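In case you want the letters, here they are:
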Amino acid sequence: MKEAKYIFVTGGVTSSLGKGIISASLAKLLKSRGFSVTIQKLDPYINVDPGTLNPYEHGECYVTEDGAETDLDLGHYERFSNSPTSQANNVTTGRIYQHVINMERRGEFLGTTVQVIPHITDEIKRRIRLLGQTGQYDFVITEIGGTVGDIESFPFIEAIRQMRWEMGRNCAVVHLTLVPFLSAAGELKTKPTQHSVKTMLEQGVQPDIIVCRTEHHLNEGIRNKIAQFCNVEPTSVIESIDADSIYDVPVLMLQEKLDIEVLRKTNTPYSDKIDITNWKNFLSRLKNPKAGVTIALVGKYVELKDAYKSIHESFIHAGVVNECSVRIKHVHSEQINKDNLNMHFHDVGGILVAPGFGSRGIEGKILAIEYARTNKLPFLGICLGMQCAVIEFARNVLGYADAHSTEMNPKTSAPVIDLMASQRKVHDMGGTMRLGAYPCRLKPGTKVAALYGEELVSERHRHRFEFNNTYRKQFEDNGMIPVGIYPEDDLVEIVELKEHPWFVGVQFHPEYKSTVARPHPLFAGFVAAVLVHSSR
Ligand code: GLN
């Protein structure tokens with residue numbers, strides 16, 4: 001069985017240079033040349049997964065088909081490459097140590113001192129090669145989180161050093177750095193790049209390709225200087241200029257021949273044929289919208305765009321489907337009250353209430369939903385957003401004044417959202433929610449069934465609470481219809497309002513499955529409804 005070739009993507013100088021986007025772009029290009037590719041993210045923190053991290057700390061937690069709670073970069077990989085990822089695609093230092101310590105407790109290292117080298121580095125290498133040894137891939141692109149020189153990333157860089165030594169040209173290292181522009185001097189500066197490559201060299205790793213993030217084009221002189229000081233060929237110095245949209249980056253990397261350079265460095269035969277027509281069509285529609293809509297995103301992490309990353313990207317995809325630009329107006333749920341609803345929502349064509357946990361800002365979300373319901377404004381509620389729509393309906397239509405989710409009010413007399421039976425015995429917080437893909441059967445003749453165009457769909461979940469079936473009939477009789485059901489446990493996954501142009505609540509997270517190649521039908525349908533509403 002063939003083993004994959006390994007591409008490592010490291011970062012230097014500073015964080016936030018966009019390693020995830022570069023990795024995803026490289027994957028996209030290699031796939032478009034006919035190679036099979038997967039991407040993995042190694043995160044140097046001690047949490048076993050990012051599921052217990054606050055979005056303020058780390059942005060959105062992205063959920064894969066198999067229910068892994070992962071880094072948001074995996075979302076970019078899926079959106080760019082249109083292939084699903086899994087637990088194996090995201091590994092943290094915490095998970096590595098947990099595994100090694102469990103082995104030690106089982107007595108698998110009896111008599112030996114367990115050390116960073118070789119035990120931790122061996123486990124890192126094993127995790128990297130797990131994907132490559134499945135025989136499914138020509139390339140595994142492994143992105144190392146953090147910045148070279150950080151204490152935390154030492155064992156990962158050491159693992160790369162060993163793999164390069166063991167595998168020779170079946171590995172390549174792509175190092176992403178910053179080439180800052182000093183306006184006082186009017187010059188781009190290469191010194192930070194030189195230093196970060198030196199830091200890698202101290203750890204025994206010579207990068208093969210240097211990708212330079214920059215605000216201005218790199219001239220020949222700068223490219224040659226970087227090549228000379230960093231021991232790489234001038235063709236291996238790749239410019240990564242700031243782009244209008246992350247979706248421009250694969251095309252920019254194609255122009256800079258990043259993919260060709262990787263193929264050359266790994267001695268991989270290739271032809272000149274590459275097909276990215278669909279991607280270019282997407283970009284041209286993205287850049288030439290025929291209309292524009294504004295949608296309010298109601299949540300409690302509005303200061304931080306990354307907290308709702310996949311939702312933002314899904315709106316970009318859905319905008320392209322509808323040939324319109326989608327402007328997101330962030331509305332902080334804690335700042336919504338009865339008297340300022342018009343101020344917040346008079347200029348929007350639709351409202352999305354975001355997923356979330358805990359009671360902070362919950363009443364603002366419920367008020368926003370009441371506004372959307374009574375003003376016939378298109379509405380999409382995701383996870384907690386759907387639960388709030390159910391609570392709002394129970395209070396204001398069914399007349400249960402204190403209706404609530406037992407997550408927020410365990411003593412409510414109308415627990416319309418309640419803990420799932422399977423969750424009652426759960427005590428650990430990490431990785432114990434209802435996670436990953438579950439099938440959902442749609443009710444024929446409904447708006448959502450028409451949008452999906454099929455009856456049985458699969459969507460990803462991340463929650464502990466659910467619609468309480470005790471109240472189901474009352475909801476149905478009064479116009480809030482369960483239109484999507486998880487057949488095995490008869491759980492309500494989607495509700496739709498009968499007397500409303502477009503009001504949908506989903507217990508799952510459609511945003512995790514929207515990609516450039518396959519924009520999500522619910523987002524596309526929501527934006528289409530907003531477009532209709534806005535043009536009235
Ligand atoms: N807090 C809710 C639950 O656990 C909703 C979770 C979410 O929005 N992801 O059920």
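Conventions and cut-offs
- All chains use their own residue numbering, which begins from 1 and follows the written sequence.
- Given that this is a predicted model, residues contribute local features only at a pLDDT of at least 70 and side-chain atom pairs are listed and counted only at 80 or more, while totals for whole chains, interfaces and linings are drawn from all residues.
- Side-chain descriptors were evaluated using all non-hydrogen atoms of the structure, hydrogens and water having been removed beforehand.
- Helix numbering and strand numbering both begin at the N terminus, where a helix is a DSSP run of H or I of at least 4 residues and a strand a DSSP run of E of at least 2.
- Computation of the radius of gyration draws on C-alpha atoms, with the globule rule given as 2.2 Å multiplied by the number of residues to the power 0.38.
- Think of it in three bands: with a 1.4 Å probe and only protein chains considered, a residue is buried below 20% of the maximum accessible area for its type, exposed above 50%, and partly exposed in between.
- By the convention used here, residues are in contact when the closest approach between their heavy atoms is within 4.5 Å.
- Residue burial considers only the protein chains on display, and all accessible areas are found by Shrake-Rupley using a 1.4 Å probe.
- Whether two aromatic rings pair depends on their centres lying within 6.5 Å, for rings of Phe, Tyr and Trp, where Trp uses its six-membered ring; planes under 30 degrees apart make the pair stacked, over 60 edge-to-face, and the rest tilted.
- A ring is considered to have a charge above it if a Lys NZ or an Arg CZ atom is located within 6 Å of its centre and within 35 degrees of its normal.
- The rule for a residue being near a molecule or strand is that one of its heavy atoms must lie within 4 Å of it.
- The definition of a polar contact used here is a pair of N or O atoms within 3.5 Å, where within protein one atom must be able to donate a hydrogen and the other to accept one, and adjacent residues in sequence count solely through side-chain atom pairs.
- In this classification, the charged set is Asp, Glu, Lys and Arg, the nonpolar set is Ala, Val, Leu, Ile, Met, Phe, Trp, Tyr, Cys and Pro, and all remaining amino acids, among them Gly, are polar.
- To estimate how far a helix should extend, the number of its residues minus one is multiplied by 1.5 Å.
- Here an angle of 0 to 180 degrees is reported between the N-to-C directions of two axes, which are lines fitted to C-alpha atoms, with helices fitted over the stretch in contact.
- Our angle categories are set so that under 35 degrees counts as roughly parallel, over 145 as roughly antiparallel, 65 to 115 as roughly perpendicular, and the remainder as oblique.
- Note on convention: the crossing is left-handed when the near helix lies turned anticlockwise from the far helix by less than a right angle, right-handed when the turn is clockwise.
- Within this document, salt bridges are pairs made up of a side-chain nitrogen of Lys or Arg and a carboxyl oxygen of Asp or Glu, the two lying within 4 Å of each other.

Student: Any chance you could explain the overall build of the protein chain here in plain terms?
Tutor: In terms of regular secondary structure, the protein chain is built from 18 helices and 23 strands. Here the protein chain has a C-alpha radius of gyration of 25 Å; the compact-globule value for 536 residues is 24 Å, and the two agree. The buried share among the 536 residues of the protein chain stands at 59%. Long-range pairs, those at least 24 residues apart, make up 73% of the contacts in the protein chain between residues at least 6 apart in sequence. Of the accessible surface of the protein chain, which amounts to about 22,100 Å², a share of 51% is contributed by carbon and sulfur atoms.

Student: Quick question: what am I supposed to make of the packing of aromatic side chains here?
Tutor: Centre distance and the angle of the planes are the two values used to describe a pair of aromatic rings. Applying the stated criterion across every chain, the model contains 17 aromatic pairs. With centroids separated by 5.3 Å and ring planes inclined at 65°, the aromatic side chains of Y247 and F282 adopt a geometry described as edge-to-face. In this pair, Y247 sits in the loop between β11 (237-241) and α9 (249-255) while F282 sits in helix α11 (residues 277-287), placing the two residues 35 residues apart along the sequence. The exposure class of Y247 is buried, given its relative accessible area of 0%. With a centroid separation of 6.3 Å and an interplanar angle of 50°, the aromatic rings of Y301 and Y308 are classed as tilted. In terms of burial, Y301 and Y308 fall into one category: buried. A connected cluster of aromatic rings, assembled from ring pairs, spans F80, Y247, W279 and F282. Looking at R434, its charged tip hangs above the ring of Y438, at a distance of 4.3 Å from the centre. It is R434 that lies over the ring of Y486; its NZ or CZ is 5.0 Å from the centre.

Student: Would you mind showing me how to read the site of the ligand here?
Tutor: The ligand sits among P355, G356, F357, C383, L384, Q387, E407, R462, H463, R464, F465 and H509. Contact between the ligand and E407: a nitrogen atom at 2.7 Å from a side-chain N or O atom of the residue. Within the side chain of H509, an N or O atom sits 3.3 Å from a nitrogen atom of the ligand. Alone, the ligand offers 300 Å² of accessible surface; in the complex the protein occludes 99% of this. Breaking the shell around the ligand down by element, the ones donating at least two residues are α15 (384-396) and β19 (456-463). Here the shell around the ligand is composed, by residue class, of five nonpolar, four polar and three charged.

Student: So what exactly am I meant to see when it comes to helix α18 (residues 521-534) here?
Tutor: For the α-helix, the turn length of 3.6 residues means that residues three or four positions removed from each other point alike. With 14 residues, α18 ought to run about 20 Å at 1.5 Å a step, and its terminal C-alpha atoms sit 20 Å apart, in line with that. For α18, the set of buried residues is L522, F523, A524, G525, F526, V527, A529, V530 and H533.

Student: How should the packing of helix α1 (residues 19-32) against helix α3 (residues 73-81) be read in this particular structure?
Tutor: The axes of two packed helices give the description: the angle between them and the distance between them. Where α1 contacts α3, the axes come no closer than 9 Å and their chain directions differ by 25°. With respect to α3, the element α1 is oriented roughly parallel. Relative to α3, α1 is oriented so that their crossing is right-handed. Here G20, I21, S23, A24, S25, K28 and K31 of α1 lie close against α3, whose contacting residues are D73, H76, Y77, F80 and S81. Residue classes in the contact of α1 with α3 are distributed as four nonpolar, five polar and three charged.

Student: Just to check I follow, could you spell out the pattern of salt bridges for this structure?
Tutor: Applying the stated rule across the entire model yields 37 salt bridges. Across the pair R106 and E108 runs a salt bridge whose closest N-O atoms are separated by 2.6 Å. By relative accessible area, which is 54% here, R106 ends up exposed. Here E108 falls in the partly exposed class, since its relative accessible area comes to 44%. Measuring nitrogen to oxygen at the nearest pair gives 3.5 Å for the salt bridge that ties K309 to D306. Overlapping salt bridges, with partners in common, bring together K41, D43, D71, D73 and E143 in one network.

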